[in-house]
Amino acid sequence: MAPVATTYSIVVLDIENFSARTNPIQRSLRSAMYEVVDEAVARTLREHEGTRTHEGIRTEDRGDGILMLVPAAVSPVLLAGDFVRALDDELKAKADIFSEAHAMRLRVALHQGLAAPDQRGFSGDAVNFACRLVDAQPVRDVLKAAARARMAFIVSDEIYQGVVRHGYLAIDAAAYQRMSLVIKTGRQVTGWVTVPGYPSPPRLPGEPESADGQEAAVVATDTAAALAAGTTVAIRGSVEGDVFGGDKNVTVHELRAEGQVRI
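Below you will find a few notes about this structure. Every chain is numbered independently, its residues counted from 1 as its sequence is written. Whole-chain, interface and lining totals are the exception, using all residues; otherwise, since this is a predicted model, local features are given only for residues with pLDDT of at least 70 and side-chain atom pairs are given and counted only at 80 or more. Only hydrogens and water are removed before side-chain values are computed, so all heavy atoms of the structure are retained for them.

**Brief notes about the packing of aromatic side chains**
Then step 1. Only centres within 6.5 Å qualify two rings of Phe, Tyr or Trp (six-membered ring in Trp) as a pair; their planes then separate them into stacked at under 30 degrees, edge-to-face at over 60, and tilted for everything else. Tallied over the full model, the rule gives four aromatic pairs.
Then step 2. In this structure an aromatic cluster arises from ring pairing among F153, Y160, Y176 and W192.
Then step 3. Definition used: whenever NZ (Lys) or CZ (Arg) falls within 6 Å of the ring centre and also within 35 degrees of the ring normal, the charge is taken to sit over that ring. Its guanidinium or amino end placed over the ring of Y198, R148 lies 4.0 Å from that ring's centre, counting from NZ or CZ.

**Overview of the pairing of strand β6 (residues 151-156)**
Then step 1. Across the six residues of β6, six count as buried, placing the element largely inside the fold.
Then step 2. Both faces of β6 are covered, namely the face carrying M151, F153 and V155 and the face carrying A152, I154 and S156.
Then step 3. Two strands pair when backbone bridges link them, and strand β4 (residues 106-118) and β6 are joined in this way by five bridges, in the parallel orientation. Within the sheet, the bridge partner assigned to L110 lies in β6 and is V155.
Then step 4. By the convention used here, strands pair only if DSSP detects at least 2 bridges between them. Helix and strand assignments follow DSSP, with helices taken as H or I runs no shorter than four residues and strands as E runs no shorter than two, numbered in order from the N terminus. For β6 and strand β8 (residues 188-194), the ladder comprises four bridges, and the chain directions are antiparallel. Each residue gets one of three labels from its accessible area relative to the maximum for its type: buried under 20%, exposed over 50%, partly exposed in between, using a 1.4 Å probe on protein chains only.

**A closer look at the pattern of salt bridges**
Then step 1. The working definition used for a salt bridge is a side-chain nitrogen of Lys or Arg within 4 Å of a carboxyl oxygen of Asp or Glu. Tallied over the full model, the rule gives 13 salt bridges.
Then step 2. Residues R85 and D82 are paired through a salt bridge, measuring 2.9 Å at the closest nitrogen-oxygen approach. Of this pair, R85 and D82 both sit in helix α2 (residues 76-95), three residues apart, which is roughly one turn of that helix.
Then step 3. D135 is the salt-bridge partner of R140, the closest N and O atoms lying 3.6 Å from each other.

In structure tokens:
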């Protein structure tokens with residue numbers, strides 16, 4: 001009898017520029033990667049809501065990464081929120097002690113769907129899709145452009161629509177950018193990427209900035225300064241997301257807005 005496919009949250013992690021390192025550094029990075037993941041699991045998944053949810057998590061080694069199959073009992077909200085933040089925290093702890101040659105940055109993908117076990121691991125279209133998300137060139141480009149980041153995180157459209165856009169567990173939907181990706185099969189799909197530590201993913205290398213983008217940047221800078229001073233602000237166009245740093249609870253004497261403002 002064939003094994004029954006079960007619904008999982010599927011997490012895939014991959015180390016940036018792994019194959020460019022020497023063999024001793026590759027071995028060390030693999031060890032550090034597992035330490036980062038194990039500690040993030042311990043902090044956020046091990047004793048969730050009184051259940052030992054970690055016991056159902058299955059992992060599969062990918063050489064320069066890890067495939068994690070997380071049972072449906074663990075909410076994807078927890079994975080997209082606390083678990084990703086814990087990964088970033090653990091990567092920072094490693095960065096504080098690693099040399100530049102030993103720097104470890106991760107691409108991480110989150111999807112959900114059916115997967116079936118066998119003697120050597122798991123298979124299923126959802127597993128394939130999650131792996132293709134983490135390997136997509138635009139995700140690699142985003143992490144490369146984010147020089148001070150420790151990871152880039154991409155979610156499938158299903159995860160974005162069901163979890164991220166609702167803002168559960170302080171997940172900042174405005175920090176995600178929609179991406180159109182062409183995966184290995186030639187099919188065009190949608191993913192949503194964010195870079196912890198950045199208000200939004202950095203502009204891709206070589207991508208020209210539009211006039212609208214330049215205007216939005218000027219508006220954001222000028223508006224932030226005016227708000228800090230408590231003065232009249234006139235806004236033209238549409239400004240969304242965390243364009244203002246610091247406390248969002250500010251006092252404004254008068255705000256004239258032509259267009260839409262969402263903070």
